[in-house]
Amino acid sequence: MGAAQGPLVVGVDDDGKSLVLLKRIVESGGYRFIGVSSGHELLSVLKTERPRVILMDVMLPQMNGFEASLRVRSGFPQLPAAVIYVTARQSEEDLRGGIAAGGNDFVLKPVNREKLLSRIEKWLGKAHLIKTAV
């Protein structure tokens, strides 16, 4: 199957069922997937992996998705990965905060397969435009 050959997508969500869903959707699009349950795990993975897209839940324990995004941008400034928040939060304050924290896009929960894949494809095609510094 071609899933192992595509660009890497990392999903960050403390809910195991959400990670399983993200994995199914991402791999059905032909991409590789690694799922982690916290911002700390994400930072650990980034020491050895170079994902092109990070799907980030906002409501995470210990370090929320916005803080994790800030740490990705400051700790890995050369990483050309788009951060797409996958969240139920959609207030203007959340949107502004997410972008200010180095995020690139939002996909609302419950996740729609076609919408998520189209956002991933959008950002894979714009890798050269992704802000890699805060």
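Quick caveat: nothing in here was measured; it's all calculated off a predicted structure.

Chemist: How would you explain the overall build of the chain if you had to name every residue and give the values?
Modeler: Scanning the chain from terminus to terminus reveals 5 helices and 5 strands. From first element to last, N terminus to C terminus, the chain shows the α and β order β-α-β-α-β-α-β-α-β-α. Its C-alpha atoms give the chain a radius of gyration of 13 Å, near enough to 14 Å, the size a compact globule of 134 residues would have. Projecting the C-alpha coordinates of the chain onto the three principal axes gives extents of approximately 40 × 30 × 25 Å. For the chain, buried positions account for 46% of its 134 residues. Long-range contacts, defined as pairs at least 24 residues apart, comprise 64% of the intrachain contacts of the chain with a sequence gap of at least 6. Accessible surface, the chain as shown: approximately 6800 Å² in total, 53% of it carbon and sulfur.

Chemist: Describe the pairing of strand E1 (residues 8–12), with residues and values.
Modeler: A large share of E1 lies buried, amounting to 5 of its 5 residues. Because side chains alternate across E1, one face comprises the buried residues Leu8, Val10 and Val12, and the other comprises Val9 and Gly11, equally buried. In this sheet, strand E2 (residues 32–36) lies alongside E1 in parallel orientation, the contact comprising 5 bridges. By the bridge assignment for E2, Val12 is matched with Val36.

Quick notes on the rules
The residue numbering used here restarts from 1 in each chain and proceeds along that chain's sequence as written. Local features are withheld for residues below a pLDDT of 70 in this predicted model, meaning they are given only at 70 or higher, and side-chain atom pairs are given and counted only at 80 or more; totals for whole chains, interfaces and linings count all residues. To get the side-chain values, take all heavy atoms of the structure and skip hydrogens and water. Starting at the N terminus, helices and strands are each numbered in turn, a helix being any DSSP run of H or I of at least four residues and a strand any DSSP run of E of at least two. Our radius of gyration looks at C-alpha atoms and nothing else; its globule reference is 2.2 Å times the residue count to the power 0.38. The classification of residues rests on relative accessible area computed with a 1.4 Å probe and restricted to protein chains. Under 20% of the type maximum is buried, over 50% is exposed, and intermediate values are partly exposed. Two residues form a contact once any of their heavy atoms are found within 4.5 Å. Only the protein chains shown count as cover for residues, and all accessible areas are computed by the Shrake-Rupley method using a 1.4 Å probe. Here a strand pair is declared whenever DSSP counts at least two bridges between the two strands.

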